[in-house]
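Observations on the three-dimensional arrangement
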2 protein chains.
Amino acid sequence: MCDKLKNLKNNEFKIALLLSQKILSAKELQNLINVDKATIYRNIKNLLKKEIIREIKNSNGVGFYELNCKIHNPIHPHFECIICNKIYCLKALNSEDVLALSNYSPFEIKEIEVKFKGICNECKK
Amino acid sequence: MCDKLKNLKNNEFKIALLLSQKILSAKELQNLINVDKATIYRNIKNLLKKEIIREIKNSNGVGFYELNCKIHNPIHPHFECIICNKIYCLKALNSEDVLALSNYSPFEIKEIEVKFKGICNECKK
DNA sequence: ATAGAATTTGCAACTTAATTGCAAATTTGA
DNA sequence: TCAAATTTGCAATTAAGTTGCAAATTCTAT
Ligand SMILES: [Mn+2]
Ligand SMILES: [Mn+2]
Ligand SMILES: [Zn+2]
Ligand SMILES: [Zn+2]
C-alpha cells in the first residue's frame, strides 16, 4: 500500500484508498461511500492540504481527484472528452518535454498542467 | 481590425472588441460595458459557439475569454497565479513542442491546453 | 471499561458562476 | 413606417462547493 495512505483514518482513509485506484469526482465518491457531500468535500479539502491527493478540473468546473504520489502516480497529462467530460489519465511527460515547456513561462513555475481535449473512444461509437 | 470582428453587432461586437485587446472574465466585461450579466453570458456563449472567442478557466472555475484568431492571437499557454488567480497569456508553443506533446494522447486531439501555475510578479512583492 | 476531550459528521443554509423563461425593448428590413 | 425578428433586463433557477452548529463518533488517559 502507498505510504500516502498511512496515518489516515475514517473517511479520509476511505476516500484516499478509492482515489489510489482511480480518478473520481466528489459525486462519484459520494456514490461509493455513503456520507454527506459536506463530509466528502471537507475530507477532499483536508487531503488536498496534506498533498495526499491532487485536483483536476474539467471544463464544466467539476473537480476530479487522484492520489498525489510521485512513485505510484506521477503528475501526468489528462485527456478530457468534449462530449462526456470524462477525464482520462495519460502517461507522464518525460523530463525533456517538461523542460521544453517550462521555457515558455516568464514566472517561476510551481506546477505544469497539460490537458488534451477531443472525443473519447466511448463517445465515438 | 481583425476579421473575427466583422459582421458582429450590438453587445456581441462590444465584447469581442474588448477581448481582442485583453483576456477578461465575465465580471470584468460587465464592469466595462454596463449590461445585465445574463446579456454578458448569452453573448459570450454565442461568441464561443461561433468560435470568435475562446475560454480559459482558472482554478476557481471562473471563465476568462480572449479573441480566438489564429493570426492575431494563436492558441498559447497560460500562467495562473495561485495567489490572485489572474491569468497571464504567454507566447505560443512552436510546432515541435506541440508535436512532442500530442504523442502523449491515445485519442485524437482537438485542442491542447497548457497551464503553468505559480506566483506572479505582482503577488511576489 | 469509562468518562471527558477532541475530532468528525449530518443537516440545512449559504455562496458564486452560470443558465433560463418570459415579457419588454430594441433592431431590422420590406 | 410598421410588423417580424432579435436582443435585453429581470428574477428565478441550477450546480459545485462551503460553512455554522449541534449531534455523533473516536481518541486518550485513568
Ligand atoms: Mn490523472
Ligand atoms: Mn491567452
Ligand atoms: Zn467521452
Ligand atoms: Zn498574482
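Structure shown above.
Residues numbered from 1 in each chain as written. Chains lettered and ligands numbered in written order. Predicted model: local features only at pLDDT ≥ 70, side-chain atom pairs only at ≥ 80, totals over all residues. Heavy atoms only, no water.

Quick look at the protein's contact with DNA strand D now. Not every one of the 20 residues close to DNA strand D is listed here, only the nearest: K37(A), Y41(A), G63(A), N11(B) and T39(B). Backbone atoms, meaning sugar plus phosphate, form 63% of the atoms of DNA strand D positioned within 4 Å of the protein. Between DNA strand D and Y41(A) there is a distance of 2.6 Å, counted from a phosphate oxygen to a side-chain nitrogen or oxygen. Contact distances for DNA strand D include 3.1 Å between a phosphate oxygen and a side-chain N or O atom of N43(B). Secondary structure elements with two or more residues in the surface near DNA strand D: helix 3 (37-49) and strand 3 (63-67) of chain A together with helix 1 (10-21) and helix 3 (37-49) of chain B. Considering each element in turn, the surface near DNA strand D owes the most residues, five residues, to helix 3 of chain A. (Near = heavy atom within 4 Å. Polar contact = N/O pair within 3.5 Å; in protein donor to acceptor, adjacent residues only side chain to side chain. Helix = DSSP H or I, 4+ residues; strand = E, 2+ residues; numbered from the N terminus.)

Once that is clear, we can look at the coordination of the manganese ion (ligand 1). Put simply, the ideal angle at a metal is 109.5 degrees for four donors in tetrahedral geometry and 90 or 180 degrees for six donors in octahedral geometry. Residues and elements named next belong to chain A. All of the protein donors around the manganese ion (ligand 1) are E66 (OE), H76 (NE2), H78 (NE2) and C89 (SG); their distances to the metal are 1.9 to 2.3 Å. The sequence motif formed by the donor residues of the manganese ion (ligand 1) is E-x9-H-x1-H-x10-C. Taken together, the residues E66 in strand 3 and C89 in strand 5 (residues 87-89) connect sequence positions 23 residues apart. Exposure remark for E66: the relative accessible area of 2% places this residue in the buried category. Taking relative accessible area as the criterion, C89 reaches 38% and is therefore assigned partly exposed. (Donors = N, O, S within 2.8 Å, 3.2 Å for Na, K, Ca; no water. Buried < 20%, exposed > 50% of the residue type's maximum accessible area, 1.4 Å probe, protein only.)

The next subject is the sheet that holds strand 3 of chain A. All names here are of chain A. An order of 1-3-2 is seen for the three strands of this open sheet, with the pairing classed as antiparallel. A single partner strand is all that each edge strand has here, and the edge strands are strand 1 (24-25) and strand 2 (53-57). Sheet analysis places strand 1 next to strand 3, joined by two bridges and oriented antiparallel. Looking across to strand 3, one finds that L24 is bridged to Y65. Across the sheet, helix 1 (residues 10-19) lies against strand 1, strand 2 and strand 3, angled at about 85° from strand 3, the strand it touches most. Packing against the sheet, helix 3 makes contact with strand 2 and strand 3, and its axis sits at approximately 115° to strand 2. (Pairing = 2+ DSSP bridges. Contact = heavy atoms within 4.5 Å. Axes fitted to C-alpha atoms, helices over the stretch in contact; angles between N-to-C directions.)

On to the sheet that holds strand 2 (residues 53-57) of chain B. Residue and element names in this part refer to chain B. Spatial ordering of the open sheet is given by 1-3-2, a layout of three strands whose pairing is antiparallel. Each having just a single partner strand, strand 1 (24-25) and strand 2 make up the two edges of the open sheet. Judged from the five bridges that link them, strand 2 and strand 3 (residues 63-67) form a sheet pairing that is antiparallel. Paired with I53 across the strands is L67, a residue of strand 3. Contacts from helix 3 reach strand 2 and strand 3, with the element oriented near 115° to strand 2.

Turning to the nonpolar core, a few remarks are in order. Core analysis: the largest hydrophobic core is formed by 24 residues, its most contacted members being L101(A), V114(A), F116(A), L101(B), V114(B) and F116(B). Looking at this core, the elements with two or more residues in it are strand 4 (78-81) and strand 6 (111-118) of chain A together with strand 4 (78-81) and strand 6 (111-118) of chain B. (Core = buried A, V, L, I, M, F, W, Y, C linked by side-chain atoms within 4.5 Å.)

Below, the discussion takes up the coordination of the zinc ion (ligand 3). All names here are of chain A. Around the zinc ion (ligand 3), the protein supplies C81 (SG), C84 (SG), C120 (SG) and C123 (SG) as donor atoms, at distances of 2.2 to 2.4 Å. One can describe the donor arrangement at the zinc ion (ligand 3) as tetrahedral, given that its four donor atoms subtend angles of 103 to 121° at the metal. Using a relative accessible area of 36% as the deciding quantity, one classes C84 as partly exposed. (Tetrahedral: all angles 85-135°; square planar, octahedral: opposite > 155°, others 65-115°.)

What follows deals with the interface of chain B and chain A. Listed per partner, the contact involves 35 residues of chain B and 36 residues of chain A. Between chain B and chain A, the buried area comes to about 3,000 Å², and carbon and sulfur atoms account for 60% of it. Counting the contacts that link chain B with chain A gives four salt bridges. K117(A) is paired through a salt bridge with E113(B); the nearest N and O atoms lie 2.7 Å apart. For the side of chain B that touches chain A, the elements supplying multiple residues, two or more each, are helix 4 (95-102), strand 6 and helix 5 (121-124) of chain B. Here the element with the most residues in the side of chain B that touches chain A is strand 6 of chain B; it accounts for eight residues. In terms of residue class, the side of chain B that touches chain A is built from 17 nonpolar, eight polar and ten charged. Note that strand 6 of chain A and strand 6 of chain B share seven bridges and pair antiparallel. Bridging from a neighbouring strand, F116(A) pairs with I112(B) of strand 6 of chain B. (Buried area = accessible area lost by both parts, 1.4 Å probe. Salt bridge = Lys/Arg side-chain N within 4 Å of Asp/Glu carboxyl O. Nonpolar A, V, L, I, M, F, W, Y, C, P; charged D, E, K, R; others polar.)

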